[in-house]
Amino acid sequence: MGDIAVVGGGVIGLTCALRLAGEGHRVEVVSATGPADTVSAVAGGLWFPYRAAPADAVLRWGQVSLRRFAELARDPATGVAWREGVVLHRTPDPDLSWTAAVPDHRPATDLPPGVLSGLVCTLPVVTMPTYLAWLVQRCASAGVSFRSHEVARPAELPQDTVVVAAGLRSGDLLGDDTLVPVRGQVVRLANPGLTRWLVDDDNPAGLTYVIPRGDNVVCGGTADEGATDLTPSPEVEHAILARVHALVPSLAGAPVVSRAVGLRPVRPAVRVDRVERDGKVVISCYGHGGSGVTLSWGCAEDVVRLTGL
Ligand SMILES: Cc1cc2nc3c(=O)[nH]c(=O)nc-3n(C[C@H](O)[C@H](O)[C@H](O)COP(=O)(O)OP(=O)(O)OC[C@H]3O[C@@H](n4cnc5c(N)ncnc54)[C@H](O)[C@@H]3O)c2cc1C
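Residues numbered from 1 in each chain as written. Predicted model: local features only at pLDDT ≥ 70, side-chain atom pairs only at ≥ 80, totals over all residues. Heavy atoms only, no water.

- You'll find the protein entered in an unreviewed UniProt entry as D-amino-acid oxidase, with Saccharothrix variisporea given as the organism.
- UniProt, in the comment section headed Catalytic activity (unreviewed entry), describes the protein in these words: "a D-alpha-amino acid + O2 + H2O = a 2-oxocarboxylate + H2O2 + NH4(+)".
- Its UniProt record, at the heading Sequence similarities (unreviewed entry), says of the protein: "Belongs to the DAMOX/DASOX family." (UniProt positions renumbered as here; feature names shortened; annotations may be inferred.)

What follows is the structure in structure tokens.
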């Protein structure tokens, strides 16, 4: 078992670090920011494949994560819960490839105006601040060390094996210019007692989702390709809330708790591979788009396998 550096302390880096430590490796997470200042902290936390490819690998990774989240949901300290909700469709031929990973789903019966069909199913909902803190704590218990540092090149790290899990910034480290930021804005409302989530991603007025997570409800969203402004826009928030209120009237009047913007690391295909450069083994694990939480355990599994080649 060797020394491994994991560059990145978001959901991908932390999950990889935990799995690698579980295999007996000595792991150091090197991260420019703390977990609260990552895109992962902004995620709604619903298990749902969105803006990630290729479809077959996404399904395989997602299935591994589903199984792991099922185990984690038994312990409330993880921040993982299983909740019923609905995916709404406004086109006659929606992409249902993800349902192969979700055995129990049924047609929705009570559809809002303009919605052609819907699927009711039970999926993991992850309260990200709680979950990221849990991952950090589990990593520390497994012997993972943490260093706050901005890495310029994998070659600068002393370890022989480097896992690059730096999200959108991974391309800078590896000379990969295929990553594109896809800006997402959310507003979190005080939860009036909702438990059911809702996804309406082909809403003609804009991507819409509602994800209750304990005492707050994450409401979104946007998906602006190439946009990089990290300041929440009041106009965008107003439009999100109008769409949300139309679908979930009980949220009208719920106080705003917080607001956030994150840049999804979108790539033509999620990159999980191994190359040798500058005398090191470099394993990439980035480009998870809008599905980093959804794919995290499956991708970490592949990273473990790649370290053993
Ligand atoms: C609004 C929104 C909602 C979302 N909702 C969901 C959802 O419901 N479900 C889902 O599955 N996904 C969702 N996502 C997508 C998900 O958030 C991302 O896919 C995921 O966070 C990517 O994780 P990551 O660890 O690769 O990147 P990040 O979380 O961005 O972490 C990157 C890490 O790398 C570090 N880093 C970067 N560069 C360097 C460097 N040079 N040196 C050292 N460290 C470095 C950073 O400090 C950070 O720790 C959503 C995203 C957004 C924006």
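Thoughts on the site of the ligand
And step 1. Lining the immediate surroundings of the ligand are 37 residues, of which Thr33, Ser40, Val151, Gly289 and Thr294 lie closest.
And step 2. Residue Thr33 places a side-chain N or O atom 2.6 Å away from an oxygen atom belonging to the ligand.
And step 3. For the ligand, a nitrogen atom lies 2.9 Å from a polar atom in the backbone of Leu46.
And step 4. Considering the ligand on its own, with 1000 Å² of exposed area, one finds that the protein chains cover 96% of that surface.
And step 5. Put simply, the parts of the chain that give the shell around the ligand at least two residues each are α1 (11–22), β2 (26–31), β8 (180–190), β13 (256–277) and α6 (292–307).
And step 6. A total of 3 residues in the shell around the ligand trace back to one element, the largest contributor, which is α6.
And step 7. Within the shell around the ligand, the residues separate by chemical class into 15 nonpolar, 19 polar and 3 charged. (Near = heavy atom within 4 Å. Polar contact = N/O pair within 3.5 Å; in protein donor to acceptor, adjacent residues only side chain to side chain. Areas by Shrake-Rupley, 256 points an atom, 1.4 Å probe, with all protein chains shown as cover. Helix = DSSP H or I, 4+ residues; strand = E, 2+ residues; numbered from the N terminus. Nonpolar A, V, L, I, M, F, W, Y, C, P; charged D, E, K, R; others polar.)

Focus on the environment of Val266
And step 1. Considering the arrangement of structural elements, one finds Val266 in strand β13.
And step 2. Residues Val266 and Val102, spaced 164 residues apart in sequence, show a C-alpha to C-alpha distance of 24 Å.

A look at the UniProt feature "domain: FAD dependent oxidoreductase" (unreviewed entry) in the protein
And step 1. UniProt records the feature "domain: FAD dependent oxidoreductase" (unreviewed entry) for residues 3–305 in the present numbering.
And step 2. With 25% helix and 33% strand, residues 3–305 has its two end C-alpha atoms placed 15 Å apart.

Some words on the side chain of Arg19
And step 1. Assignment of secondary structure puts Arg19 in helix α1.
And step 2. Residue Arg19 is classed as buried on the basis of its relative accessible area of 17%.
And step 3. Aside from chain neighbours lying at most four places away, what touches Arg19 is Trp297, Ala300, Glu301 and Val304. (Buried < 20%, exposed > 50% of the residue type's maximum accessible area, 1.4 Å probe, protein only. Contact = heavy atoms within 4.5 Å.)

Describing the nonpolar core
And step 1. Counting 65 residues, the largest nonpolar core has Val6, Phe69, Tyr131 and Leu135 as its most contacted members.
And step 2. Apart from the residues lying within four places of it in its own chain, the contact partners of Leu135 are Val11, Leu14, Thr15, Leu18 and Trp297.
And step 3. Leu88, Ala108, Val210 and Leu247 belong to the second largest nonpolar core, which has 18 residues in total. (Core = buried A, V, L, I, M, F, W, Y, C linked by side-chain atoms within 4.5 Å.)

Quick word on α6
And step 1. The sharpest bend along α6 reaches about 35° and sits at Gly298.
And step 2. Extensive coverage of α6 is indicated by the burial of 14 of its 16 residues. (Bend = angle between axes of the 7 residues up to and from the residue.)

Concerning the packing of aromatic side chains
And step 1. Tallying each qualifying case throughout the model produces 3 aromatic pairs.
And step 2. Taken together, the ring pairs in this structure connect Phe69, Tyr131 and Trp134 into an aromatic cluster. (Phe/Tyr/Trp six-rings, centres within 6.5 Å; stacked < 30°, edge-to-face > 60°.)

Examining α1
And step 1. In a regular helix each residue adds 1.5 Å, so 12 residues correspond to 16 Å; α1 covers 16 Å between its end C-alpha atoms and thus fits that length.
And step 2. Those residues of α1 that fall on the buried side of the exposure criterion are Val11, Ile12, Gly13, Leu14, Thr15, Cys16, Ala17, Leu18, Arg19, Leu20 and Ala21. (Expected span 1.5 Å × (residues − 1).)

Description of the pattern of salt bridges
And step 1. Counted according to the given criterion, the structure contains 18 salt bridges.
And step 2. For Glu301, the salt bridge is made with Arg19, and the minimal N-O distance between the two is 2.9 Å. Of this pair, Glu301 sits in helix α6 while Arg19 sits in helix α1, and the two are 282 residues apart along the sequence.
And step 3. Using a relative accessible area of 32% as the deciding quantity, one classes Glu301 as partly exposed.
And step 4. Measuring nitrogen to oxygen at the nearest pair gives 2.6 Å for the salt bridge that ties Glu84 to Arg196. Taken together, the positions of Glu84 in strand β3 (residues 80–89) and Arg196 in the loop between β8 and β9 (197–200) put the pair 112 residues apart, joining distant regions of the chain.
And step 5. In this structure, a network of salt bridges that share partners links the residues Arg19, Glu23 and Glu301. (Salt bridge = Lys/Arg side-chain N within 4 Å of Asp/Glu carboxyl O.)

Details of the pairing of strand β7 (residues 161–164)
And step 1. Side chains Thr161 and Val163 of β7 all project onto a buried face; the interleaved residues Val162 and Val164 project onto the opposite face, where all are buried too.
And step 2. Looking at chain direction, strand β1 (residues 3–7) and β7 are connected through 4 bridges and run parallel. The partner of Val6 across the bridge, within β7, is Val163. (Pairing = 2+ DSSP bridges.)

Focus on the environment of Ala36
And step 1. Summarising the element assignment, Ala36 is placed in the loop between β2 and α2 (55–72).
And step 2. Under the relative-accessibility criterion, Ala36 is labelled exposed at 66%.
And step 3. Separated by 97 residues in sequence, Ala36 and Ala133 place their C-alpha atoms 8.8 Å apart.

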